[in-house]
Amino acid sequence: MLGFTVITIDVSAVNIALPSIRESLDGGMAGLQWVVDAYTLMFAALMLSAGAIADRAGARRAYAWGVALFTLASLGCALAPGIGVLVAARVAQGGAAAVVMPASLALIRQAHEDSRERARAIALWTVGGSVAMAAGPVLGGLLTESAGWRAVFLLNLPVGAVILGLLTRVPRSPRRPAALDGFGQLTAVLALAGLAVAVIEGGHLGWTSLPVLGAGALAVVSGFVFRVVESRHRQPMIPPALLRERRVAVPLAVGFAVNAAFYGGIFLLGLYYQQLRGMSATAAGLMFVPMSAVVTATNLVSPRLAERFGRRSVIVIGQLVFTAAMLVMLPLAGDTPVWLVLVLLLPLSMGGAVAVPALTALLIDAVPAERAGTASGLLNSLRQLGGALAVALFGSLLAGSDGGFSLPGMRVGLLAVAALLLVTAGMSRVLLTRD
């Protein structure tokens, strides 16, 4: 849970520090988007192989490697002299986080054989990530205003040391055979990078500009090559049999949509509070305190709701709540009363916290133990990809012609994510069997 917390808090805490990073390193909106997406895209791309690494090396060893690299990369972020170095260090952070995520879930699978105990353990694991995502802006705001944005990254150093110390008390994990496909992994990275460049730079350079068209072509070609390579590999990173199982395919789609809503919402609100309303970093961070409390409480009751009403119902309801969250934020403006803003954010606090524990437990139970690392890696890859593309979309839409915050652009992005959530909620209702 500590590992999941520290790799998640880096996303939400950095969002609040973005205006300060922009002033310090002279980066525009595209630079800020890359500070966020360099992390999440590498996280998403390498997650495909990270599950196999966790299986082959053993969950405990892979977890230790990931935490150590993440801690060193955090130091690189804190010492970055320019936006380019910061983005490069964020890439290293994302790669390390990709190893930590599936290894942490595999450790839970190793420690809890009983499905009910495992579901509760996963719920506690999810609490760490959800609280980090919601409370990160508070911490990020306090650190940025009191000690500067570099302190957000320096905080990871003592936490990493504590994790590695505690890990010495964890039993060794068994190693399992799992194939690594280097060429397939390369094409996956190129496809996601090309897609991100097209979405991020399209809003700034123009959708018909040569760099954007080239990035789009790279994404399409690399994606096609990835599919061909995986279809011919003896042990592909994404086994086709997994994707044919509804209890796997649906959680993957839902995870993508839920993270798009949550990551996109956090990114949007961090800029809304500071750029449109003129709040300080600390004040903007404190606006997330009620959200953090609601996320924590909802995460804790989610497993009990799933036991009582069934996982399918909980997953569908969580997505509908998230859809409502996107819609109720449409009226937000620069003069919206603060108390009303806090009320309107309640659905954003609850949707993912209801759905994620249930869909994660559903996925883990749907696969054999030897595929736990691969399946969890695939789920979190799709979740990170959803968040990265949402940040790219919102960033492209939020930048007005004068460089300010665009309310019409914000509303277009919210409607797009709401439509996606309605589609995946319908898929969950139709394709998942009642439990």
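The rules we used
- Residues numbered from 1 in each chain as written.
- Predicted model: local features only at pLDDT ≥ 70, side-chain atom pairs only at ≥ 80, totals over all residues.
- Heavy atoms only, no water.
- Helix = DSSP H or I, 4+ residues; strand = E, 2+ residues; numbered from the N terminus.
- Rg over C-alpha atoms; globule rule 2.2 N^0.38 Å.
- Contact = heavy atoms within 4.5 Å.
- Areas by Shrake-Rupley, 256 points an atom, 1.4 Å probe, with all protein chains shown as cover.
- Lys, Arg positive; Asp, Glu negative; His and termini not counted.
- Charge placed at Lys NZ, Arg CZ, Asp CG, Glu CD.
- Patch = residues over 30% accessible without salt bridge, like charges linked within 9 Å, V, L, I, M, F, W, Y side chains within 5 Å.
- Salt bridge = Lys/Arg side-chain N within 4 Å of Asp/Glu carboxyl O.
- Buried < 20%, exposed > 50% of the residue type's maximum accessible area, 1.4 Å probe, protein only.
- Phe/Tyr/Trp six-rings, centres within 6.5 Å; stacked < 30°, edge-to-face > 60°.
- Axes fitted to C-alpha atoms, helices over the stretch in contact; angles between N-to-C directions.
- Parallel < 35°, antiparallel > 145°, perpendicular 65-115°, else oblique.
- Left-handed = near helix turned anticlockwise from the far one by under 90°.
- Nonpolar A, V, L, I, M, F, W, Y, C, P; charged D, E, K, R; others polar.
- Polar contact = N/O pair within 3.5 Å; in protein donor to acceptor, adjacent residues only side chain to side chain.
- pLDDT = per-residue confidence, 0-100.
- Expected span 1.5 Å × (residues − 1).
- Bend = angle between axes of the 7 residues up to and from the residue.
- Core = buried A, V, L, I, M, F, W, Y, C linked by side-chain atoms within 4.5 Å.

Outline the overall build of the chain, supporting the account with residue identities and numerical values.
The helix and strand inventory of the chain stands at 18 helices and zero strands. Here the chain has a C-alpha radius of gyration of 20 Å; the compact-globule value for 435 residues is 22 Å, and the two agree. If one aligns the C-alpha atoms of the chain with their principal axes, the spans along those axes are about 55 × 45 × 45 Å. Counted over contacts in the chain with a minimum sequence separation of 6, partners at least 24 positions apart contribute 83%. Accessible surface, the chain as shown: approximately 16800 Å² in total, 67% of it carbon and sulfur. With 30 positive and 19 negative side-chain charges, the chain shows a separation of 9 Å between the mean positions of the two kinds.

Hey, could you go over a nonpolar patch on the surface for me, with residue numbers and the actual values?
Together, M1, L124, L300, V301, L305 and F309 make up an exposed nonpolar region whose accessible area comes to about 540 Å². Element by element, the count of residues in the nonpolar patch is highest for helix α13 (residues 289–309), at four residues. By the element assignment, L300 lies in helix α13. The class of L300 is partly exposed, set by a relative accessible area of 47%.

I'd love a proper account of the packing of aromatic side chains, names of residues and values included.
Using the criterion set out here, one finds seven aromatic pairs in the structure. Both rings, one in Y39 and one in F43, keep their centres 5.8 Å apart while their planes meet at 80 degrees; by these two values the pair is edge-to-face. Of this pair, Y39 and F43 both sit in helix α2 (residues 29–57), four residues apart, which is roughly one turn of that helix. Centroid distance F262 to F322: 6.3 Å. Interplanar angle 65 degrees. Geometry classified as edge-to-face.

Tell me what's going on with the side chain of N259, and back it up with residues and numbers.
Turning to its location among the elements, N259 is positioned in helix α11 (residues 246–276). Exposure remark for N259: the relative accessible area of 3% places this residue in the buried category.

Go over the environment of Q275 with me, naming the residues and quoting the values.
Mapped onto the elements, Q275 comes out in helix α11. Between the C-alpha atom of Q275 and that of G148, which follows or precedes it by 127 residues, the distance is 18 Å. Residues within four places of Q275 in sequence aside, it is in contact with R22, M29 and F405.

Now, about the packing of helix α14 (residues 311–328) against helix α18 (residues 407–431): what can you tell me, with residues and values included?
Two numbers describe how α14 lies on α18: the axes approach to 9 Å, and their chain directions differ by 165 degrees. The orientation of α14 relative to α18 falls into the category roughly antiparallel. For the element pair α14 and α18, the recorded crossing hand is left-handed. Residues R312, I315, V316, Q319, L320, F322, T323, M326 and L327 of α14 touch α18, and the partners they reach there are L414, L415, V417, A418, L421, L422, T424, A425, S428 and R429. Of the residues that constitute the contact of α14 with α18, the class distribution is 13 nonpolar, four polar and two charged.

Residue-level account of the side chain of Q274, with values.
Topologically, Q274 is positioned in helix α11. Side-chain polar atoms of Q274 contact the backbone oxygen of I16, separated by 3.1 Å. For Q274, the contacting residues outside a window of four places in its chain are I16, P19, M279, S280, A281 and A284.

If you had to explain the environment of A361 to someone new, which residues and values would you point to?
Tracing the chain through its elements places A361 in helix α16 (residues 346–366). Spatially, the C-alpha atoms of A361 and L268 are 29 Å apart, while their sequence positions differ by 93 residues. In this structure, A361 is in contact with A119, I122 and R311, ignoring residues within four places of it in sequence.

Describe the confidence of the model for the chain, listing the residues and the values that go with them.
Taken over all residues, the pLDDT of the chain has a mean of 83, while the share at 70 or more is 95%. Summarising per-element confidence for the chain, the mean pLDDT is lowest in helix α10 (residues 240–244) (74) and highest in helix α6 (residues 150–154) (92).

Residues and numbers for α11, please.
In this model α11 runs 43 Å from its N-terminal to its C-terminal C-alpha over 31 residues, within 8% of the 45 Å that 1.5 Å per residue would give. Most of α11 is tucked away, with 24 of its 31 residues classed as buried. Of the residues that open α11, the one with a side-chain oxygen 3.1 Å from the backbone nitrogen of R247 is E245. Immediately beyond the C-terminal end of α11, within one or two residues, lies G278, with a positive phi of roughly 75 degrees.

Which residues make up helix α1 (residues 2–25), and what values go with them?
Every α-helical turn comprises 3.6 residues, leaving residues that sit three or four positions apart pointing alike. Of all bends in α1, the biggest is about 50 degrees, found at A17, and the proline P19 comes one to four residues later. The buried fraction of α1 is high, at 18 of 24 residues.

Provide a residue-level description of the nonpolar core, including the pertinent values.
Formed by 137 residues in total, the largest nonpolar core has its most connected members in I7, L86, L269, Y273, F322, M326 and L348. Ranked by residues supplied to this core, first place goes to α11 with 17 residues.

Explain the pattern of salt bridges residue by residue, including any values.
Enumeration according to the criterion identifies four salt bridges in this entry. Salt-bridge contacts for D10 lead to R90; the nearest nitrogen and oxygen are separated by 3.0 Å. With D10 in helix α1 and R90 in helix α4 (residues 83–111), this residue pair connects regions lying 80 residues apart in the sequence. Each member of the pair D10 and R90 is classed as buried.

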